[in-house]
Each structure stands twice: as structure tokens, then as C-alpha cells.
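Summary of structural features
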Amino acid sequence: MPAPSDAFAHQPVLADSVLAGFAALEPLLAQRGGGVLIDCTLGGGGHSALLLEAHPSLRLIGLDQDATARTAAAERLAPFGDRVQIVATNFAAYGPAEPAVAVLADLGVSSPQLDVAERGFSFRQDGPLDMRMNPQAGATAAELLEQLEEGELADLIYAYGEERLSRRIARRIKQHLQEQGPFRGTAELAYAIAGCYPPKARHGRIHPATRSFQALRIAVNDELGVLDRLLASAPDWLVSGGLFGVISFHSLEDRRVKTAFVSDERLQRVTRKPETATEAEQHSNPRSRSAKWRLARRR
């Protein structure tokens, strides 16, 4: 398994859009003599490092429930000294002690988490069926598959993965569990899901198990629930004129962010349409293809 600093050494997605959007903080920082950025999904600290470098009067409170991520971020952000505070928490459980000038959330699973087979997020490398962003808390994906009835599992895969073959997949999974016992890992589960597709549909650009794995990961980590809580609470963390930026990676997240930014009377949209990765970034980092950046300002 890679060392923490190596595992989280990656290029932050949509970095140019984040820097450009948060450039508008400078007048507010000058007026207030500095201010706090709350990075709700600190990861390896990539976005935060760029923003701390760009805004010398900015201080950081970085939140992450993943111990490996916090270790890597502490190493990467060490040059910024006491401007950085790292907190071990899920952002849905957080409440700041002082108002912030900016809140940033980069949703979903980071590339390093996907790339470490032991975390069980990916079917491209065989690993245990875990998928927990906090490996010390909550039920694993394997436990979830055992607990859910076939109909509940089908509904989950359809709702969170937007998978049209959800009922066939749920039936195959529960049949395997009944006849052969628990899946030995992510590869075996992915193989079972792929078998639910017609042969010609098993070798497209998107692996047949992608949507089902997304659904399980969302359910294991209650990702939409914690996002809803963040969208409800984060505007109250901000000073007037403060900025709230979110990077999402699938339509279920982006729709929630768009709705909140349009309907929340505390917020004013800055980005009318989501910003996406350039062709160059998509080529260098394929996982940026689905990323969308939205920005709002506290009224």
C-alpha cells in the first residue's frame, strides 16, 4: 500500500476554475484583514494549498474523516504553518467557531482512494467490498448487500446509480449471496454485475459495474444526505459577500447544488452554468471529465 503522501499526490480537479472563482475574495480579505476558508473535503490538500498560496491573508480549516488524507494534507500544507488547522470530521457534523469568507467542497471519492485497492471503491483493482470513506465507522458495502432485501437493493441501485438494469443486477447479487456466500471482493462483484448485460454491452467506455458501484458507495457513505446537510448549513457559516464553491461528479449531486444555489434566499449565483474541465485537463486527468464547478455568494 502506498505511503500516505504518495497515495494522495494528485492534481486537484478544476484548479483553474477554483482559483479564478475565489480570486473575488481579495477585496473581502483586504476589508476584513484576512479570513478563514473552510475546505469541507480536504483530501490531500491540493485545492487548499493553491488557495493559501494565492491569498496570503487566508487561513484554512480543513475537514476530512479519512485519516490517510489528513496525514497527507498535513505534510503538503506544512509550509503554511499556523495558517492551517485540520479537523477530523465529516463536514455534515461540523459547525465553525468563527464566520468564514469561503467554503469549498470537492465531492465524491478522491483519485487516491480509488487507486488503493484495500479501500474497496474500485472494481479495476480487486479489493475488499468496503467503500467507507471513514474506515472506522459504519457498515461496509459487503454488509449492506447482505442486509438489504432484493427489492430494496434494486431500488437503491436505480435511485443512486441511475442503472436501468437494477432489478436484474439485484436479483443476480442476492442469488450469488444465497448460493455461493459473500463476494470475495470487488472484482467478483463487478463480474457478476457485468454478466447482467448483453455481451455487446460489456466492453464499452464505461464498465457495466460503474453505476452499481456508485450507488453502493453513495449509500455506504450517505453522500446525498450529508450533501443536503451541507447545502442547508454552509451559507450560515459565511460572512456577507463570502463565497461557497462546490465541485460535483454526477448528476445526483449537481442537481442538488444547482437547486440550492438557485432557491436559497441566502445565496446569489455567481456561475449561471457549471464550469467543466478543459480538453487538456480531461486528457491529463480522465476523472475530471464529469466534474462540475458551481459558485455562489452569500448575500
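Attention now goes to the sheet that holds strand β1 (residues 35-39). Pairing between the strands of a sheet is mediated by backbone hydrogen bonds and can be parallel or antiparallel. The 7 strands lie next to each other as β3-β2-β1-β4-β5-β7-β6, forming an open sheet whose pairing is mixed. The open sheet has two edge strands, β3 (84-88) and β6 (267-269), and neither has a second partner. The mean angle between the axes of side-by-side strands here comes to 20°, regardless of whether they run parallel or antiparallel. In terms of strand pairing, strand β4 (residues 100-106) meets strand β5 (residues 238-248) through 6 bridges, oriented parallel. Its bridge partner lying in β5, A105 is registered against V246. The sheet contacts of helix α2 (residues 15-22) involve β1, β4, β5 and β7 (292-298), and relative to β7 the element is tilted by about 10°. The strands that helix α5 (residues 67-77) touches are β2 (58-64) and β3; relative to β3, the one it contacts most, it runs at about 175°.

Here the focus is helix α8 (residues 150-161). A rise of 1.5 Å per residue sets the reference length of α8, with its 12 residues, at 16 Å; its end C-alpha atoms lie 16 Å apart and thus fit the reference within 8%. In this structure, the buried residues of α8 make contact with α7 (141-147), α9 (166-180) and α11 (210-221).

Another aspect to go through is helix α12 (residues 223-237). Helix length check: α12 (15 residues) gives 20 Å between terminal C-alpha atoms against 21 Å at 1.5 Å per residue, within 8%. Helix geometry: α12 is bent most strongly at L231, by close to 30°, with proline P235 lying one to four residues after it.

Moving on, we get to the environment of A15. Assignment of secondary structure puts A15 in helix α2. Classification of A15 as buried rests on a relative accessible area of 9%.

In this description, an aromatic ring pair is defined by two values, namely the gap between the centres and the angle between the planes. On inspection of all chains with the given rule, the structure shows 3 aromatic pairs. Centre to centre, the rings of F22 and W293 are 5.8 Å apart; their planes meet at 75°, and the pair counts as edge-to-face. Remark: W293 occurs in strand β7 and F22 occurs in helix α2; sequence separation between them is 271 residues. Both residues of the pair, F22 and W293, count as buried.

The next subject is the pairing of β2. Walk down a regular strand and you will see the side chains alternate between the two sheet faces. Summarising burial for β2: 6 of the 7 residues are buried, a large majority. In this sheet, β2 lies alongside β1 in parallel orientation, the contact comprising 5 bridges. Across the sheet, I38 pairs through a bridge with I61, a residue of β2. Handedness of the crossover is the feature at issue here: the chain leaves β1, passes through helix α4 (residues 46-54), returns alongside β2, and the resulting connection is right-handed. Direction of pairing for β2 relative to β3: parallel, over a ladder of 5 bridges. Bridging from a neighbouring strand, I61 pairs with Q85 of β3. Between the parallel elements β2 and β3, the chain passes through α5 in a crossover that is right-handed.

To continue, consider the nonpolar core. L145, I173 and L189 are the most contacted members of the largest nonpolar core, which has 31 residues in total. Of all elements in the fold, only α7, α8, α9, α10 (186-194) and α11 reach the threshold of two or more residues within this core. Setting aside residues no more than four positions away along its own chain, I173 makes contact with L145, L153, I157, F183 and L189. Counting residues in each nonpolar core, the second largest holds 27 residues, with L37, A49, L58 and V101 among its members.

Reading guide: rules and limits
- Along each chain, residues carry numbers from 1 onward, in the same order as the chain's sequence is written.
- At least 70 in pLDDT is required for a residue's local features to be given in this predicted model, at least 80 for side-chain atom pairs to be given and counted, and no such filter applies to totals for whole chains, interfaces and linings, which use all residues.
- Only hydrogens and water are set aside; all other atoms, that is, all heavy atoms of the structure, feed into the side-chain values.
- The criterion for strand pairing is that DSSP finds at least two bridges linking the strands in question.
- Think of it this way: any DSSP run of H or I at least four residues long counts as a helix, any run of E at least two long counts as a strand, and we number them from the N terminus.
- Axis definition: a line fitted to C-alpha atoms, limited for helices to the stretch in contact. Angles are taken between N-to-C directions and run from 0 to 180 degrees.
- Should any heavy atoms of two residues lie within 4.5 Å, those residues are counted as being in contact.
- Expected span, for any helix, means 1.5 Å times one less than how many residues it has.
- Here the bend at each residue means the angle between axes fitted to two seven-residue stretches, the one ending at that residue and the one beginning there.
- Each residue gets one of three labels from its accessible area relative to the maximum for its type: buried under 20%, exposed over 50%, partly exposed in between, using a 1.4 Å probe on protein chains only.
- Paired rings are identified among Phe, Tyr and Trp, the last through its six-membered ring, by centres lying within 6.5 Å, and are further divided according to the angle between planes into stacked (under 30 degrees), edge-to-face (over 60) and tilted (the rest).
- With the strands aimed away from the viewer, a crossover counts as right-handed if its path from the first strand over the helix to the second runs clockwise.
- Put simply, buried Ala, Val, Leu, Ile, Met, Phe, Trp, Tyr and Cys residues joined by side-chain atoms within 4.5 Å make one nonpolar core.

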